[in-house]
Amino acid sequence: MTTPVAAPARSWSLYSEVPERRSRQVISDLGVLLWCVVWIVLAGMLRERVLDVQDTARRAEAAGTKLNNELGDASAILGSVPLLGGTLASPLRTAGEAGTDLVAVGRSAQSAVGTTATMLYALVLVLCVGVVLVWWVVNRLRWANDAQAASVLRGSREGLQVLGLRAAGRAPVGALGAVLQSRPAGVDQQTLEALGTLELQRLGVRPHGG
């Protein structure tokens, strides 16, 4: 086997130096981006639908406020009646307390609905966007580091042999079989170098730079 031409290590990058692999990566990235945008929009729509429930709570609060004010005014008028004012105003004051309770219930319901909407929004983003982004970042960084390391090794026969050892445990069985069939002498240095080239192809790294 011809000794590989020394090649400089590739600059650290999130994308392959092989056009076909780089194109697949770009398409994958666009797919992840589209997925995230769709789920962000859907999460926002879900949040708005949940917040619609607050309208009922606002109406309850408004009704309680109105009832409290009207009964309070009526109680004040009756309370001004000589001798009987206190007796006449007492039932109205008691009824006004119901309006105060209704206001409190309405406000509490609005707060609960707002909290629920925010929690659902965050949950959808974490499960449908955050998990995908973490998966993308972890896998892309792992690939970028592997590709960078492989580009350092590709310029020497010893480096290719190291990559060949790695390929022996990672390459598809069919690809390994094809390499071994082309090497009737068995597993020797040239076979390891051929497997190293196979590993470079798997990683999307040019065998001799360029």
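Residues numbered from 1 in each chain as written. Predicted model: local features only at pLDDT ≥ 70, side-chain atom pairs only at ≥ 80, totals over all residues. Heavy atoms only, no water.

An ideal rise of 1.5 Å per residue puts 48 Å on 33 residues; helix α1 (residues 19-51) measures up with 48 Å between its terminal C-alpha atoms. Within the span of α1, buried status applies to Arg21, Gln25, Asp29, Val32, Cys36, Ala43, Val50 and Leu51. (Helix = DSSP H or I, 4+ residues; strand = E, 2+ residues; numbered from the N terminus. Expected span 1.5 Å × (residues − 1). Buried < 20%, exposed > 50% of the residue type's maximum accessible area, 1.4 Å probe, protein only.)

What follows deals with the pattern of salt bridges. Counted by the stated rule, this structure contains 4 salt bridges. For the salt bridge of Glu17 with Arg154, the shortest nitrogen-to-oxygen distance reads 2.5 Å. Here Glu17 is found in the segment before α1, whereas its partner Arg154 is found in the loop between α3 (85-153) and α4 (157-170), with 137 residues between them in sequence. Judged by relative accessible area, which is 13%, Glu17 ranks as buried. Taking relative accessible area as the criterion, Arg154 reaches 2% and is therefore assigned buried. Here Arg47 makes a salt bridge to Glu48, at a shortest N to O gap of 3.7 Å. Using a relative accessible area of 40% as the deciding quantity, one classes Glu48 as partly exposed. (Salt bridge = Lys/Arg side-chain N within 4 Å of Asp/Glu carboxyl O.)

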